[in-house]
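Analysis of the macromolecular model
Listed below, chain by chain, are the residues.
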Amino acid sequence: MPQGESGEEVKRPGRKVCSASTLSLVNEASNTLRATSFIHVNLDAVVHNVRILKGLAGPKTEILGVVKGGAYGSGMMPVVKVLLEEGVKELCVATVSEGVYLRQHNITVPITVLGNLVECEVEDVKRHHLIPSLSWTQPFTSYDKENLVYPVKLFIDLIGMSRYGVQPQDLSDLIHSLDQLEVTIFSLYTHFQSGITEREKNKRQLDLFLEATEPYLSRPLTRHAAATTGCVQGLGTDLDFIRPGGAITGLSSGNDFQDVDEFQQCTFRPAMSVVAKPSFHKLLPPGRGIGYNSTYETQQSEWIANLTTGWSDGIARHLSNNGAVRSIKTGELCPIVGTVSMDSITVRLSGAPDPDDGYLVISDDFHNTTSAVGLARRLKASVYEIPGNCSTRLPRVYSRGGKITHIFPSLSYTC
Ligand SMILES: *Cc1c(COP(=O)(O)O)cnc(C)c1O
């Protein structure tokens, strides 16, 4: 993506490891929450990312903000609020219940449900004015015709993922059936199958989509294709909408180095981090086993600290003796030693912990070890899974302009 005139890579500014403002915010949050570990979501990063997305989109292209999965773990309502403030006019979710949740929280903008509509959902979809996606007429056929006039989106599965979607050769039949049922078609969309580095494959899919949908352009419907990957690739970004999710909270759609490099070059910024301050620490003599099954043994006299967050909060057990947390003050990496347990992890420090310091368990950057992309690589996971798996037991802190705006104590946050 952004390249210099001569095609050379644009140098990105390095990130400071120590940020006094981050540290004071972390300490304030910890005192206010009276908790040592929590999720921090920096809403400034969300604002920044939405503006970057606007810049990647064509001049007449609007944003459909995808906020499924609790806005990819960063929190649905706080992220939606920023999106609406930034002029995003429509939202997408994956399930009808997510759409109902938004309606119950007084969100009135159009909401598209990206999953495939099934019959038992039609009632809720109608009551809450959600726009369902459809690949076949089945959900409607048993329905009272009078009640049917309803906008739908068609998901076109052009050489796509074979998950949802109508095959291109079946499109005209489906549209014909919907016309018979007097169902309004709101838009036609596709979702790219391939990753950031596979631009040619996605380009082929886009071309097929444009060709298959061309005959319907005289109708008042919109077309869209680009999610995060398409936005980074510049594919389909000049259609009626772009449809990004991950990029809104600065999450790359791929985790290999080249994917992340191209994503980073767009200057997206991850919004979410998990921060912890030690709840206990001690200097152990050599030969002490740490944690369940003693999977780590001290080699010498070692400082070991407990952080109160474990796999029940979403910190993968596979990080046992296989990951590290990072000091906010010094940037020092402290290895996770012993087994990640349900409620805590143990880390090896180079000295007694500084009471003013905090540790990033998931960092809001692209760090090879501690960030969502780094963890995804290590865990062979999707980048989206890393924040998406954090449970509601971790308290949450939202900030803007370096100031805390919202606090959700443990278990009080719903979505
Ligand atoms: C999840 C999803 C998106 C958003 O994808 P990102 O990679 O998060 O930007 C867009 N469209 C569909 C159909 C989806 O399922």
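Each remark here, short or long, concerns the structure printed above.
As the structure is a computational prediction, the values presented were derived from the model and not from experiment.

All right, on to helix α4 (residues 76-85) then. By the criterion of burial, α4 is predominantly enclosed, with 7 of the 10 residues buried. Those residues of α4 that sit buried are Met76, Met77, Pro78, Val79, Val80, Val82 and Leu83. Gly87 occupies a position one or two residues after α4 and carries a positive phi of about 90 degrees.

A word on the packing of aromatic side chains. Enumeration according to the criterion identifies 5 aromatic pairs in this entry. Look at Tyr398 and Phe408: their rings are 5.7 Å apart centre to centre, the planes differ by 80 degrees, and that puts the pair in the edge-to-face class. Of this pair, Tyr398 sits in strand β19 (residues 396-400) while Phe408 sits in strand β20 (residues 403-408), placing them 10 residues apart in sequence. Seen in terms of ring centroids, Phe408 and Tyr413 are 5.7 Å apart; in terms of plane orientation they differ by 75 degrees. Their pairing is edge-to-face. Here Phe408 falls in the partly exposed class, since its relative accessible area comes to 22%. Relative accessible area serves as the criterion here: at 8%, Tyr413 is assigned to the buried category. An aromatic cluster is present here, built from Phe263, Phe268 and Phe366 joined pairwise through their rings. Positioned over the ring face of Phe257 is Arg377, at 3.7 Å from the centre of the ring. The ring of Tyr413 has Arg396 lying over it, and the distance from NZ or CZ to the ring centre is 3.8 Å.

Moving on: unusual backbone geometry. A positive phi is found at Asn321, a non-glycine position, where the angle reads about 50 degrees. Even without glycine at this site, Lys380 takes up a positive phi of about 50 degrees. Within the fold, Lys380 resides in the loop between α12 (372-379) and α13 (385-388). Owing to a relative accessible area of 78%, Lys380 belongs among the exposed residues under this scheme.

Attention now moves to α12. For α12, the tally of buried residues reaches 6 of 8 residues, placing the bulk of the element in the interior. When we look at burial in α12, the residues that qualify are Ala372, Val373, Gly374, Leu375, Ala376 and Arg377. Check the buried side of α12 and you find it contacts α11 (257-265), β18 (359-362) and α13. Looking one or two residues beyond α12, the residue adopting positive phi is Lys380, at roughly 50 degrees.

Attention now goes to the sheet that holds strand β14 (residues 302-307). A sheet is described by the order of its strands in space; here 10 strands give the open sequence β11-β14-β17-β16-β15-β18-β10-β1-β19-β20, paired in mixed fashion. The outermost strands of the open sheet, each flanked by one partner alone, are β11 (280-284) and β20. The sheet shows a mean angle of 35 degrees between the axes of neighbouring strands, taken without regard to direction. Summarising the sheet, β19 and β20 pair through 5 bridges and their orientation is antiparallel. Of the residues in β20, the one forming a bridge with Arg400 is Lys403.

Close to the ligand lie 13 residues; Lys68, Tyr72, Thr228, Gly245 and Tyr384 are nearest. A distance of 2.5 Å separates an oxygen atom of the ligand from a polar atom in the side chain of Tyr72. Here an oxygen atom of the ligand and a side-chain polar atom of Tyr384 are 2.7 Å apart. The protein chains hide 91% of the 380 Å² of surface that the ligand would expose on its own. A breakdown of the residues in the shell around the ligand according to their chemical character gives 7 nonpolar, 4 polar and 2 charged.

Criteria and cut-off values
Residues numbered from 1 in each chain as written. Predicted model: local features only at pLDDT ≥ 70, side-chain atom pairs only at ≥ 80, totals over all residues. Heavy atoms only, no water. Buried < 20%, exposed > 50% of the residue type's maximum accessible area, 1.4 Å probe, protein only. Helix = DSSP H or I, 4+ residues; strand = E, 2+ residues; numbered from the N terminus. Phe/Tyr/Trp six-rings, centres within 6.5 Å; stacked < 30°, edge-to-face > 60°. Lys NZ or Arg CZ within 6 Å of the ring centre and 35° of its normal. Contact = heavy atoms within 4.5 Å. Pairing = 2+ DSSP bridges. Axes fitted to C-alpha atoms, helices over the stretch in contact; angles between N-to-C directions. Near = heavy atom within 4 Å. Polar contact = N/O pair within 3.5 Å; in protein donor to acceptor, adjacent residues only side chain to side chain. Areas by Shrake-Rupley, 256 points an atom, 1.4 Å probe, with all protein chains shown as cover. Nonpolar A, V, L, I, M, F, W, Y, C, P; charged D, E, K, R; others polar.

In short, shape yes, function no, at least from these values alone.
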